[in-house]
Amino acid sequence: MAGIEAGTESHGEVGDRRLVLASQAVVRASMLRAAGLSFTVQPARVDEGAVKDAMRAEDPDGRETARALASLKACRVSAGAPGAFVVGADQLLVCGDEWFDKPVDVDDARGQLRRLRGRRHTLVTAVCVARDGAEIWGDVACPELTMRPFSDAFLERYLERAGDGILACVGSYEAEGLGAQLLAEIEGDWFSVLGLPLMPLLAFLREHGLVET
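Each chain carries its own residue numbering, running from 1 in the direction its sequence is written. Only residues with pLDDT of 70 or above have their local features reported here, since the model is predicted, and side-chain atom pairs are shown and tallied only from 80 upward, although totals for entire chains, interfaces and linings are computed over all residues. In computing side-chain properties, one takes all heavy atoms of the structure into account and sets aside hydrogens as well as water.

Trainee: Describe in detail the pairing of strand S5 (residues 120-131), supporting the description with residues and values.
Mentor: Among the 12 residues of S5, 10 are classified as buried, and the element is accordingly described as predominantly covered. In this structure, strand S3 (residues 85-95) lies alongside S5, joined through nine bridges in antiparallel fashion. By the bridge assignment for S5, Val94 is matched with Thr122. In terms of strand pairing, S5 meets strand S7 (residues 144-147) through three bridges, oriented antiparallel. Each residue of the ladder has a partner; that of Arg120, found in S7, is Thr146. Strands pair, by our definition, only if DSSP identifies at least two bridges between them. The secondary structure listing takes helices from DSSP runs of H or I that are at least 4 residues long and strands from runs of E that are at least 2 residues long, numbered from the N terminus. With seven bridges joining them, S5 and strand S6 (residues 134-141) adopt antiparallel strand pairing. Think of it in three bands: residues with accessible area under 20% of the maximum for their type are buried, residues over 50% are exposed, and the middle band is partly exposed, with areas taken using a 1.4 Å probe on protein chains only.

Here is the structure:
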């Protein structure tokens, strides 16, 4: 899951290939930076709620919706950045027949975690790359997580300690932080749990000369 990064940060270019991250998520930028990539950050302005509402009835597992949102973000930024490789990403939490968004406030977070408690859920995590306004590649990963049956008392302590940071997290938790105490099991790619299928993305960027071979 990902928090919010204030502003944008420039990291230059890789050779003559510009790389742009169309996301304001701190964790996604941190993953790319830790992997040695140079990039600029330009968040996309997309009405995610409208896309989800339009697709929810026809896409119960969320895969097509996450992919569509990632592509829309990448393409929108790419249209204004000719020649650049623009990375867009999106993550949906699906539990049963319910989709979970970022909570609007602490009370909403409390309700989300009560509904997830003791249950298995999927983090549908999509990444797309666009160039000159068109998608040229994409991938979707679906790690599965099980939340342990924690007590109400633990939930209240968690909400107090986690603070407003969880309002930026799908499902109201950060698996890389205090939210790990809510979980019993994780199956699947760790980078995708954090919000970006990093290995497939690096392979694509390597093929196109943005990462050393």
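Still more to cover.
Trainee: Help me get a handle on the packing of aromatic side chains, residues and values and all.
Mentor: Stacked, tilted and edge-to-face pairs are distinguished by plane angle, under 30 degrees for stacked and over 60 for edge-to-face with tilted covering the rest, among Phe, Tyr and Trp rings (Trp via its six-membered ring) whose centres lie within 6.5 Å. This structure, assessed with the given rule, holds two aromatic pairs. On the basis of an interplanar angle of 20° and a centroid distance of 5.1 Å, the ring pair of Trp137 and Phe204 is categorised as stacked. Taken together, the residues span a long stretch of sequence, with Trp137 in strand S6 and Phe204 in helix H7 (residues 198-207) at a distance of 67 residues. In terms of burial, Trp137 and Phe204 fall into one category: buried.

Trainee: Let's hear about unusual backbone geometry: which residues, and what values?
Mentor: Of note in this structure, Asp132 is not a glycine but carries a positive phi near 55°. For Asp132, the position within the fold is in the loop between S5 and S6. Of note in this structure, Ser172 is not a glycine but carries a positive phi near 70°. Looking at where Ser172 falls in the secondary structure, it is placed in the loop between helix H5 (152-162) and strand S8 (183-187). Here Ser172 falls in the buried class, since its relative accessible area comes to 0%.

Trainee: Quick one: what's the story with helix H3 (residues 63-78), residue by residue and with numbers?
Mentor: With 16 residues, H3 ought to run about 22 Å at 1.5 Å a step, and its terminal C-alpha atoms sit 22 Å apart, in line with that. By the burial criterion, the buried members of H3 are Thr65, Ala66, Leu69, Ala70, Ser71, Lys73, Ala74, Cys75, Val77 and Ser78. Each element contacted by the buried residues of H3 is listed here: strand S1 (19-21), helix H2 (48-55), S3, strand S4 (98-100), S5 and S6. Any helix carries an expected span of 1.5 Å times its number of residues minus one. Throughout, a residue-residue contact means that at least one pair of heavy atoms, one from each residue, lies within 4.5 Å.

Trainee: Explain the packing of helix H4 (residues 106-116) against H5 to me, using residue names and the numbers behind them.
Mentor: When two helices pack together, their arrangement is given by the angle between their axes and by how far apart the axes lie. Every axis in this analysis is a line fitted to C-alpha atoms, fitted for helices over the stretch in contact. Angles between the N-to-C directions lie between 0 and 180 degrees. Between H4 and H5, whose axes approach to 11 Å, the crossing angle comes to 140°. By the angle class used here, H4 and H5 are oblique. Every pair of crossing elements has a handedness; the one defined by H4 and H5 is right-handed. Between H4 and H5, the contacting residues are Val106, Ala109, Arg110, Leu113 and Arg114 on the first element and Asp152, Leu155, Glu156, Tyr158 and Leu159 on the second. Under the grouping applied here, Gly and all other residues not named as nonpolar or charged are polar, the nonpolar ones being Ala, Val, Leu, Ile, Met, Phe, Trp, Tyr, Cys and Pro and the charged ones Asp, Glu, Lys and Arg. Taken together, the residues that form the contact of H4 with H5 break down as six nonpolar, no polar and four charged. Any angle that falls under 35 degrees is termed roughly parallel, while one over 145 is termed roughly antiparallel, one within 65 to 115 roughly perpendicular, and all others oblique. Helix crossings get a hand from a simple test, with the near helix turned counterclockwise from the far one by less than a right angle marking a left-handed crossing and a clockwise turn marking a right-handed one.

Trainee: Which residues make up the side chain of Gln112, and what are the values?
Mentor: Along the chain, the position of Gln112 falls in helix H4. Pairing of N or O atoms within 3.5 Å defines a polar contact, subject to two protein rules: one partner must be a possible hydrogen donor and the other a possible acceptor, and residues neighboring in sequence count only if both atoms are side-chain atoms. Within polar-contact distance, the side chain of Gln112 engages the backbone oxygen of Asp101 at 2.9 Å. Residues contacting Gln112, with those up to four places away along its chain left out, are Phe100, Asp101, Lys102, Pro103, Gly171 and Ser172.

Trainee: Hey, could you go over the pattern of salt bridges for me, with residue numbers and the actual values?
Mentor: Salt bridges are defined by distance alone: a side-chain nitrogen of Lys or Arg within 4 Å of a carboxyl oxygen of Asp or Glu. Inspection of every chain in the model, using the stated rule, returns 11 salt bridges. Between Arg56 and Asp53 there is a salt bridge; the shortest N-O distance is 3.8 Å. Overall, Asp53 belongs to the exposed group, its relative accessible area being 57%. With a closest N to O distance of 2.7 Å, Asp152 and Arg117 form a salt bridge. Taken together, the residues span a long stretch of sequence, with Asp152 in helix H5 and Arg117 in the loop between H4 and S5 at a distance of 35 residues. A single salt-bridge network, built from bridges that share partners, covers Glu48, Lys73 and Asp90.

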